[in-house]
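Structural overview for review
So the chains spell out like this:
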Amino acid sequence: MSATATPAPEDQARSGHRSRPPRHELTRAQKWRRRGPLMPALIFTIIVTQLPFLLTIAISTLNWNVLQPGDKNFLGMGNFSSFAGFDNYRTVFTDSRLRDAVLNTMVLTVSVVLISMMLGLMLAILLDRKFPGRGLARTLLIAPFLVMPVASALIWKHALYNPDYGLFNGTLNWVWQLFGAEEGPVIDYVSTFPMPAVIAALVWQWTPFMMLILLAGLQSQPGDVLEAAKIDRASGMQTFRFITLPHLRRYIELSILLGSIYVLQTFDAIFTITQGGPGSATTNLPYEIYLTLFRKFEYGEAAAAGVVVVIGSIVVATFALRVISSLFSEEHQR
Amino acid sequence: MSTRTPDQSTGTRHPADPLDAHGADPGDVAQGIAPPPAQKRRRRRSSSGDGDRAGWRWATLAWVLTLLFVAPVFWMILTSFHQESDAATSPPSLFAPLSFDNYAAVFDRGASTFLINSAIASGVSTLLVLILAVPAAYALSIRPVEKWTDVMFFFLSTKFLPPIAALLPVYLIVKQIGGLDNIYTLVLLYTAMNMPIAVWMMQSFLAEIPPEILEAAQVDGAGFLRTVWSIVTPMASPGLAATALICFIFSWNEFMFAVNLTATVSATSPIFLVGFISSQGLFLAKLCAAATLVSLPVMIAGFAAQDKLVRGLSLGAVK
């Protein structure tokens, strides 16, 4: 990944990071002694995370459906019917289900990250002021993020969205009855609005994460600048627009970046709330690959889809790492 | 920052931050109002400066939003103490009698096996991550290897690769070596999953150890192991705890590998939750009890270490 790291800040970062007397050339032995402590972690990570991707690439060129007779075990390599070349990739790019999955993934990720970033910013601004019980409010606000994702998906589906006894319809029913109606409206949220239902549950889960990062950004504002703005009689809006927002920029970038990494890989919520349905209305890429693997048993096709996802991620990551690397060098230049 | 005692009111702000030092808003005096002490404190950071009533309005808004936001969590916990008949009513019954029956029922259905599996998978993998990541972070911050930033970005880049794309080969290899439904398969995968986060976090914590102390140790003739064990580890222990917490949370909550690679023997808590629905029909109150139960360890740990959480979640990039 050296290509993605900006080369320039490295030396700056290093010198700011640990100012050492003039660097003398290290001998080979010394270099290896320095590398020693790093090696176990590095080798372990390479084996467990990189090798599978090489295998994924290999499998993506095979015609391999487990349901076809003769496909028994894998590592003996007597298991696939034929080489497929780029056939699987052709399928991936022409299959309408997969195209839908790509679209759903984009809609899901962009809306969840942006909405939860906005809500998180709003909550962070509110929590940045002192008010009675602020510490307690902050603690409570973290809770949605700490509930196990599968648990929150199940709670949203069954305790909140359920048309008959979910909290949402229950509350509507209560309000309607207050005004003398027999019964409130019965809305089946998950079947009627599948995508918004998933987005709402994920926004709820990720807003605290965004809020925490943005709150840290707000509270790291230099006080003297804010003081100066106040003395200059800048209005709250002006202070926010010209001082807070520029300062927050890197925190906003970081929260969008980290949020995208996690939301892009969403599997639990889709698996639990909609099972990708109705039809393929909420099937995102991770869930589509899962279906191809364990429902259709098309290993070659699933692997090709996996490779496409990895390439997509690398493109995103190349931009994203630039953002992180600027944060990273700034931190070490202090 | 890491050695400071957590203080909720100042959050992550540095103690020397001038914001904490400046006094009450001079506007209070200018307007000739004598605000009660509590309001005086509250107004200190009010950037809009449009009076106390506005301050209260903002506080009310903050609390209303907070309560709306945590309502689903409260609802989950409340329902978990209700009887099934009271749980599935519309309009919702807030004041139904409470009991621990659902929790007893959840344990009767064998929740403890799943909790133990989760504890092993998360605990052992967290331990392994720390054992591997601390020396690595040492080699990346204290006596950095050449091109240490490149190594850091390599670790990070593995985090960008979606695990779903590795699921098939992992599944095939694990199946081939007979590792399906084995908790130590999950341990290995979770260790790799959390390694980049741990390396980044520990690097940022170790970089804060003053070089003078390490130089002094070097002058005294301390070797690598001695330095790591007697100086680095104790000084970085708050960071170590934060890293452990984050790794534990991510492993505890992991679902995709768990659902595809385990079956009956080594399934973890999220699998228990999902199985709870399909095999028995829907029992909302018991589901809420199970969901509360499996979320409890992470919630307690997260509340206890909330100021560390920020830094961990942002890989140490935000303090």
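Residues numbered from 1 in each chain as written. Chains lettered and ligands numbered in written order. Predicted model: local features only at pLDDT ≥ 70, side-chain atom pairs only at ≥ 80, totals over all residues. Heavy atoms only, no water.

A few points about the side chain of Ser280(A)
Within the secondary structure layout, Ser280(A) lies in the loop between α13 (268-274) and α14 (285-294). With near-sequence residues (within four places) excluded, Ser280(A) lies in contact with Arg97(A), Asp100(A) and Asn104(A). (Helix = DSSP H or I, 4+ residues; strand = E, 2+ residues; numbered from the N terminus. Contact = heavy atoms within 4.5 Å.)

Topic: the interface of chain B and chain A
A common way to report how large an interface is uses the accessible area buried once the components associate. The partner chain A presents 120 residues to the 129 residues of chain B that form the contact. Between chain B and chain A, a total of about 11500 Å² is buried, with carbon and sulfur atoms accounting for 73% of that surface. Scanning the region where chain B abuts chain A turns up 0 salt bridges. Looking at the side of chain B that touches chain A element by element, the count peaks at 15 residues for helix α4 (residues 52-80) of chain B. By residue class, the composition of the side of chain B that touches chain A is 86 nonpolar, 28 polar and 15 charged. (Buried area = accessible area lost by both parts, 1.4 Å probe. Salt bridge = Lys/Arg side-chain N within 4 Å of Asp/Glu carboxyl O. Nonpolar A, V, L, I, M, F, W, Y, C, P; charged D, E, K, R; others polar.)

Points about the nonpolar core
Counting residues in each nonpolar core, the largest one holds 179 residues, and the members touching the most others are Leu38(A), Leu140(B), Phe155(B), Leu273(B) and Leu309(B). A per-element tally of this core places helix α10 (residues 194-219) of chain A first, with 18 residues. Apart from the residues within four sequence positions on either side, Phe155(B) is in contact with Leu38(A), Ala41(A), Leu42(A), Thr45(A), Leu140(B), Met195(B), Pro196(B), Val199(B) and Trp200(B). Judged by nonpolar contacts, the second largest core, of 16 residues, contains Ala137(B), Tyr138(B), Ile231(B) and Ala244(B). (Core = buried A, V, L, I, M, F, W, Y, C linked by side-chain atoms within 4.5 Å. Buried < 20%, exposed > 50% of the residue type's maximum accessible area, 1.4 Å probe, protein only.)

Side note on the UniProt feature "domain: ABC transmembrane type-1" (unreviewed entry) in chain A
Listed under "domain: ABC transmembrane type-1" (unreviewed entry) in the UniProt record, and renumbered for this structure, are residues 102-320 of chain A. The span residues 102-320 of chain A shows a helical share of 78% and a strand share of 0%, and its end C-alpha atoms are spaced 19 Å apart. (UniProt positions renumbered as here; feature names shortened; annotations may be inferred.)

What about helix α10 (residues 183-206) of chain B?
Because an α-helix completes one turn every 3.6 residues, residues spaced three or four positions apart along the sequence face the same direction. All names here are of chain B. Between its first and last C-alpha, α10 extends 32 Å over 24 residues, near the 34 Å set by a 1.5 Å rise per residue. Met195 marks the point of greatest bend in α10, at about 40°, and the proline Pro196 comes within the next four residues. Counting buried positions along α10 gives 21 out of 24 residues, so the element sits mostly inside the fold. Capping the start of α10 is the job of one residue whose side-chain oxygen sits 2.8 Å from the backbone nitrogen of Tyr184: Asn182. (Expected span 1.5 Å × (residues − 1). Bend = angle between axes of the 7 residues up to and from the residue. Polar contact = N/O pair within 3.5 Å; in protein donor to acceptor, adjacent residues only side chain to side chain.)

A look at the environment of Thr292(B)
All names here are of chain B. Following the sequence through the fold, Thr292 ends up in helix α16 (residues 284-304). Classification of Thr292 by relative accessible area gives buried; the value is 7%. Remark: the alpha-carbon pair of Thr292 and Leu78, spanning 214 residues in sequence, is separated by 9.9 Å. Dropping the residues within four chain positions of it, Thr292 is found in contact with Met76, Ile77, Ser80 and Tyr103. Reaching out from Thr292, the side chain makes a polar contact with the backbone oxygen of Cys288 at a distance of 2.6 Å.

Let's talk about the packing of helix α3 (residues 39-59) of chain A against helix α9 (residues 164-176) of chain B
The geometry of α3(A) relative to α9(B) is characterised by a closest axis approach of 8 Å and an angle of 95° between their N-to-C directions. In terms of orientation, α3(A) lies roughly perpendicular with respect to α9(B). Where α3(A) approaches α9(B), its residues Pro52(A), Phe53(A), Leu55(A), Thr56(A) and Ile59(A) are matched on the opposing element by Ala165(B), Ala166(B), Leu168(B), Pro169(B), Val170(B), Leu172(B) and Ile173(B). A breakdown of the residues in the contact of α3(A) with α9(B) according to their chemical character gives 11 nonpolar, 1 polar and no charged. (Axes fitted to C-alpha atoms, helices over the stretch in contact; angles between N-to-C directions. Parallel < 35°, antiparallel > 145°, perpendicular 65-115°, else oblique.)

Description of the pattern of salt bridges
Side-chain pairs of opposite charge can arise where the charged atoms are in close proximity. Residues and elements named next belong to chain A. According to the stated counting rule, one finds 2 salt bridges over all chains in the structure shown. The shortest N-O distance in the salt bridge between Arg97 and Glu288 comes to 3.1 Å. In this pair, Arg97 sits in helix α5 (residues 96-128) while Glu288 sits in helix α14, placing the two residues 191 residues apart along the sequence. With a closest N to O distance of 3.0 Å, Glu253 and Arg249 form a salt bridge. Of this pair, Glu253 and Arg249 both sit in helix α12 (residues 236-264), separated by 4 residues, roughly a single helical turn. Its relative accessible area of 25% is what places Glu253 among the partly exposed residues.

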